[in-house]
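# Analysis of the macromolecular model
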Amino acid sequence: MPDVDRESAMAEFDRGPTASFAALLEQVPEPPVEDAFWFDWGPVFHRGRLDGSARVLIVASDPGPTERIAGRSLVGNAGQRVQGFLTKLGLTRSYVCLNAWAYAVHPSRAPAMKDRLGDPDQLAWRNAVFDRATGRALQAVVAMGFMAQEAVRLWSGRPPVPLVEVPHPSSHDPVALLSAWRAAVTELRAVVTPDDDGDTTGPNYGTEFRESDYGAVPRRDLPFGAPRFLGDDAWVRAGAGGPRNSVSRPSPDDKHTLIWKAPG
C-alpha cells in the first residue's frame, strides 16, 4: 500500500526561479566583509512566488541554518512565525519572502553590515531582485527588523503600496514584537486580498506567542524531495526551554558544520 503521507508531501513543490530570474540571482555580489558572514555556506535567495503574483512582499534580514538546508528563505523558527503571520492575513500562496542579505550575517556584525547595504554593487543587485519579484498584484510590503527596513528604504523602485515596519520574528522583546505584529495584522487585513482558500477571521496575536501563531511552511514553497518535517519545528518547540530549530550551527566550528536533527 502506498504511503499517503509521503505522496502528499511530494504532491506540491517549488520548481525554483525561471532561467532568466536564476541568471539574475547568480549575479549576487560577494559580501563586502567576508568574515562578517557565514560565507562558506553560500547564498539563499527567496521563498514563495517569483512570478509577480505576490500580494505581499516580506523582507527580512538574512538566512539562517535551516534556510541553508532548505535552500529557501524564512523556513526555520522565525520563518514559521512569518508563515503564521501570513496565515492571519488569509494568504496561503500569494506572497514572496526576500532578504536584505543573501548571505547569513554574524549577529555581532549586523549593525556594521547595515551600513554596507548601500554599497553600489549590493544596492543595484538587491533592488533588481526586488523589482523582478514584484508586480502589479503587490498590495503591501512588510519589512521585518532594522536590516530589512534599511534595505526597503534604499529600494528606489518600491511600488506605491503600504509599507509596514515591524520587529524581526526572532526579536528578543516579545512584548514589542507582539504589539507591532498585532497592529500590522489589523492594518493589513484592510488592504490585502486573501487567497480563495485563506481565512482572515481567525484570532489576532495575544499577549504571548502560542504554537497556534506559527504556520508550517507549505510544501509548494520547498524543493522537490524535502522531508515532510522540514519547515515544521513544532516537535522541537514542544521541548520546554530547549532549541527552537531542528538545524543548528555548533560552536566553535559553526563556519563549516551544521547539525540537523529529524524527529525521533
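Residues numbered from 1 in each chain as written. Predicted model: local features only at pLDDT ≥ 70, side-chain atom pairs only at ≥ 80, totals over all residues. Heavy atoms only, no water.

A word on the layout of surface pockets. Here the largest pocket defines a volume of roughly 1000 Å³. The wall of the largest pocket is formed by 34 residues, among which Ser-61, Ala-78, Pro-107, His-168 and Ser-170 lie closest to the centre. If you list the elements that add at least two residues to the lining of the largest pocket, you get α3 (65-70), α4 (77-88), α7 (146-153) and α8 (174-189). Residue composition of the lining of the largest pocket, by class: 15 nonpolar, 13 polar and six charged. Looking at the second largest pocket, it is lined by 13 residues, and the ones nearest its centre are Asp-14, Gly-16, Arg-49, Leu-50 and Asp-51. Grouping the amino acids of the lining of the second largest pocket by side-chain chemistry returns four nonpolar, three polar and six charged. (1 Å grid on protein atoms, 1.4 Å probe; cavity = no way out; pocket = protein on both sides within 12 Å on 5 of 7 lines; lining within 4 Å. Points joined across faces, edges and corners; volume = space filled by probe spheres on them. Helix = DSSP H or I, 4+ residues; strand = E, 2+ residues; numbered from the N terminus. Nonpolar A, V, L, I, M, F, W, Y, C, P; charged D, E, K, R; others polar.)

Take helix α6 (residues 120-133) next. An α-helical segment advances 3.6 residues per turn. Residues three or four places apart therefore align on the same side. The end-to-end C-alpha separation of α6 is 20 Å, in line with the 20 Å expected for 14 residues at 1.5 Å each. Among the residues of α6, those classed as buried are Gln-122, Trp-125, Arg-126, Asn-127, Val-129, Phe-130 and Ala-133. The inward-facing, buried residues of α6 contact α2 (19-25), β2 (56-60), β3 (95-99) and α7. (Expected span 1.5 Å × (residues − 1). Buried < 20%, exposed > 50% of the residue type's maximum accessible area, 1.4 Å probe, protein only. Contact = heavy atoms within 4.5 Å.)

All chains considered together, the criterion is met by four cavities of 30 Å³ or more. Estimates place the volume of the largest cavity at around 70 Å³. Taken together, Leu-25, Val-44, Phe-45, Leu-98, Asn-99, Trp-101, Ala-102, Trp-125, Arg-126, Val-129 and Phe-130 make up the lining of the largest cavity. Elements that contribute at least two residues to the lining of the largest cavity include exactly β3 and α6. The element contributing the most residues to the lining of the largest cavity is α6, with four residues.

A few words on the side chain of Arg-49. You can see Arg-49 is positioned in the loop between β1 (47-48) and β2. In this structure the side chain of Arg-49 is engaged in a polar contact, spanning 2.8 Å, whose partner is the backbone oxygen of Arg-93. With sequence-adjacent residues up to four places away left out, Arg-49 is seen in contact with Ala-54, Arg-93, Ser-94, Tyr-95, Val-96, Ala-133, Arg-220 and Asp-221. (Polar contact = N/O pair within 3.5 Å; in protein donor to acceptor, adjacent residues only side chain to side chain.)

Let us now look at the packing of aromatic side chains. The full count for this structure, using the stated rule, is eleven aromatic pairs. Here the aromatic rings of Trp-181 and Tyr-205 are separated by 5.8 Å at their centres, their planes lie at 65°, and the arrangement is edge-to-face. Taken together, the positions of Trp-181 in helix α8 and Tyr-205 in the loop between α8 and α9 (234-237) put the pair 24 residues apart, joining distant regions of the chain. When its relative accessible area of 0% is taken as the criterion, Trp-181 is described as buried. An aromatic cluster is defined as three or more aromatic residues linked by ring pairs; in this entry it consists of Phe-85, Trp-181, Tyr-205, Phe-209 and Tyr-214. A cation sits over an aromatic face here: Arg-49 above Tyr-95, 5.8 Å from the ring centre. In this structure, Lys-88 packs its charged tip against the face of Tyr-205, placed 4.6 Å from the ring centre. (Phe/Tyr/Trp six-rings, centres within 6.5 Å; stacked < 30°, edge-to-face > 60°. Lys NZ or Arg CZ within 6 Å of the ring centre and 35° of its normal.)

In this section: the side chain of Thr-134. Inspection of the secondary structure assignment puts Thr-134 in the loop between α6 and β4 (140-144). Residue class for Thr-134 comes out buried when judged on its relative accessible area of 12%. Among residues more than four places away in sequence, those in contact with Thr-134 are Gly-52, Leu-57, Trp-155 and Pro-159.

With that settled, the discussion passes to the packing of α4 against α8. Where α4 meets α8, the axes come as close as 9 Å, and the angle between the chain directions of the two elements is 35°. Judged by the twist between their axes, the crossing of α4 over α8 is right-handed. When α4 is examined against α8, the residues Arg-81, Val-82, Phe-85 and Lys-88 are found in contact with a partner set consisting of Leu-177, Trp-181, Ala-184, Val-185, Leu-188 and Arg-189. Here the residues of the contact of α4 with α8 sort into seven nonpolar, no polar and three charged. (Axes fitted to C-alpha atoms, helices over the stretch in contact; angles between N-to-C directions. Left-handed = near helix turned anticlockwise from the far one by under 90°.)

What follows covers the sheet that holds β3. Taken in spatial order, the five strands make up an open sheet running β1-β3-β2-β4-β5, and their pairing is mixed. Every interior strand has two partners, whereas the edge strands, β1 and β5 (163-166), have only one. Alignment of β2 against β4, held across four bridges, turns out to be parallel. When the bridges of β4 are listed, Val-59 appears paired with Ala-143. The sheet contacts of α7 involve β2, β4 and β5, and relative to β4 the element is tilted by about 135°. Each of β4 and β5 touches α8; the most contacted strand, β5, lies at about 165° to it. (Pairing = 2+ DSSP bridges.)

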